[in-house]
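So the chains spell out like this:
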Amino acid sequence: MAVSERPRLMAELAVVSRRYMASYALFNQALADHLGLHPTDLQCLNLLTLEGGPVTTGRIAELTGLTTGAATRLVDRLERAGYVVRERDAGDRRLVLVAPVPEKAAEFGRVWDRLGGGWVALFDDLDDSELALFIDHMRRTTDFGAEQAARLRSGEVREVQEVGGPGRGVRGNRRGRGVVPGV
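Quantities reported herein were computed from a predicted structural model and do not represent experimental measurements.

### Let's talk about the pattern of salt bridges
Move 1: One pass over the structure, following the stated rule, counts 11 salt bridges.
Move 2: Arginine 8 is paired through a salt bridge with glutamate 5; the nearest N and O atoms lie 2.6 Å apart.
Move 3: Residue arginine 8 is classed as partly exposed on the basis of its relative accessible area, which comes to 45%.
Move 4: One salt bridge in this structure joins glutamate 51 and arginine 59, with 3.1 Å as the shortest N-O distance.
Move 5: Judged by relative accessible area, glutamate 51 falls into the partly exposed class, the value being 30%.
Move 6: By relative accessible area, arginine 59 is classed as partly exposed at 31%.
Move 7: Each of the salt bridges in this network shares a partner with another, and the network as a whole consists of Glu5, Arg8 and Glu12.

This is the structure:
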């Protein structure tokens, strides 16, 4: 009878995912330092360039999980740094929209491309089904991370709780710090 590899693989996944998260956080800090931005401001700028047009500060709060007041201060910093501008909505002059400055967004994109150019090459040897698996994984972990960040901000994570759904059995400690692989 063959012994299941799953426990060993899950343990390895827990370690590898924590290293992955730390590596990305440190990369984000280095890139933010390079551009003279706060890491949160850098990721807000990243998200703004993906939105496809100007957005309200409320939308920025939704994207980042910040309060509207904190999102306003973030926009203030990005505006002072020359990365965004505030403009009145043409359809509703009461609304103020935040838009990336095209030249600065292009500069940001060029830096991102120079640093992340090898990223796409990491997936060259994968077939379409393997690539689809990675895309699904990234979508699921993005959603999971956003849900867990919202739980932390709301103060919901206080007692020992099971996370990850029924039967997954990943438990947090009493201080509310979840022992969750990859989180």
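Let's pick the thread back up.
### Description of the packing of aromatic side chains
Move 1: Scanning all chains against the criterion turns up five aromatic pairs.
Move 2: Members of the aromatic cluster, each reached through a chain of ring pairs, are Tyr24, Phe27, Phe108 and Trp112.
Move 3: The positively charged end of lysine 104 is found above the aromatic ring belonging to tyrosine 83, 4.6 Å away from the centroid.

### Some points on the environment of leucine 26
Move 1: Tracing the sequence through the fold places leucine 26 in helix α1 (residues 6–35).
Move 2: Along the sequence, leucine 26 and proline 39 sit 13 residues apart, while their C-alpha atoms lie 9.6 Å from each other.

### What about helix α2 (residues 39–51)?
Move 1: Taking 1.5 Å per residue, 13 residues should reach 18 Å; α2 reaches 19 Å between its end C-alpha atoms and fits that length.
Move 2: Three or more residues of α2 are buried, namely Pro39, Asp41, Leu42, Gln43, Cys44, Leu45, Asn46 and Leu48.
Move 3: Following α2 by one or two positions, glycine 52 has its phi on the positive side, about 85°.

### Focus: the packing of α2 against helix α4 (residues 68–80)
Move 1: Across the interface, α2 lies against α4 with an axial gap of 10 Å and an inter-helix angle of 85°. Looking at the two axes, α2 sits roughly perpendicular to α4. Mapping the contact onto sequence places Thr40, Asp41, Cys44 and Leu45 in α2 and Leu74, Arg77 and Leu78 in α4.
Move 2: Looking at the contact of α2 with α4 residue by residue, the class counts come to four nonpolar, one polar and two charged.

### Considerations on the sheet that holds strand β1 (residues 55–56)
Strands in a sheet are paired, the pairing made by backbone hydrogen bonds, and the direction either parallel or antiparallel.
Move 1: Spatially, β1-β3-β2 is the arrangement adopted by the three strands of the open sheet, whose pairing is antiparallel. This sheet does not close on itself; its edge strands, each paired only once, are β1 and β2 (84–88).
Move 2: With five bridges joining them, β2 and strand β3 (residues 96–100) adopt antiparallel strand pairing. Paired with valine 84 across the bridge in β3 is proline 100.

### Regarding a negative patch on the surface
Move 1: On the surface, a cluster of negative charge is contributed by Asp124, Asp125, Asp127, Asp128 and Glu130.
Move 2: Structurally, glutamate 130 can be placed in helix α6 (residues 128–154).

### Overview of the pairing of β3
Move 1: Of all five residues in β3, four are buried, a share of seventy percent or more.
Move 2: Here β1 pairs with β3 via two bridges, running antiparallel. Residue threonine 56 lies in a different strand from β3, and its bridge partner there is leucine 97.

### Observations concerning the packing of α2 against helix α3 (residues 57–64)
Packed helix pairs are specified by the crossing angle of their axes together with the interaxial distance, meaning the distance between the axes.
Move 1: Relative to each other, α2 and α3 sit at 115°, their axes nearing to 10 Å. With respect to α3, the element α2 is oriented roughly perpendicular. Here the hand of the crossing between α2 and α3 comes out right-handed. Note on element contacts: α3 touches α2 through Arg59, Ile60, Leu63 and Thr64, opposite Cys44, Leu47, Leu48 and Glu51.
Move 2: Grouping the amino acids of the contact of α2 with α3 by side-chain chemistry returns five nonpolar, one polar and two charged.

Procedures and definitions
Residues numbered from 1 in each chain as written. Predicted model: local features only at pLDDT ≥ 70, side-chain atom pairs only at ≥ 80, totals over all residues. Heavy atoms only, no water. Salt bridge = Lys/Arg side-chain N within 4 Å of Asp/Glu carboxyl O. Buried < 20%, exposed > 50% of the residue type's maximum accessible area, 1.4 Å probe, protein only. Phe/Tyr/Trp six-rings, centres within 6.5 Å; stacked < 30°, edge-to-face > 60°. Lys NZ or Arg CZ within 6 Å of the ring centre and 35° of its normal. Helix = DSSP H or I, 4+ residues; strand = E, 2+ residues; numbered from the N terminus. Expected span 1.5 Å × (residues − 1). Axes fitted to C-alpha atoms, helices over the stretch in contact; angles between N-to-C directions. Parallel < 35°, antiparallel > 145°, perpendicular 65-115°, else oblique. Contact = heavy atoms within 4.5 Å. Nonpolar A, V, L, I, M, F, W, Y, C, P; charged D, E, K, R; others polar. Pairing = 2+ DSSP bridges. Patch = residues over 30% accessible without salt bridge, like charges linked within 9 Å, V, L, I, M, F, W, Y side chains within 5 Å. Areas by Shrake-Rupley, 256 points an atom, 1.4 Å probe, with all protein chains shown as cover. Lys, Arg positive; Asp, Glu negative; His and termini not counted. Charge placed at Lys NZ, Arg CZ, Asp CG, Glu CD. Left-handed = near helix turned anticlockwise from the far one by under 90°.

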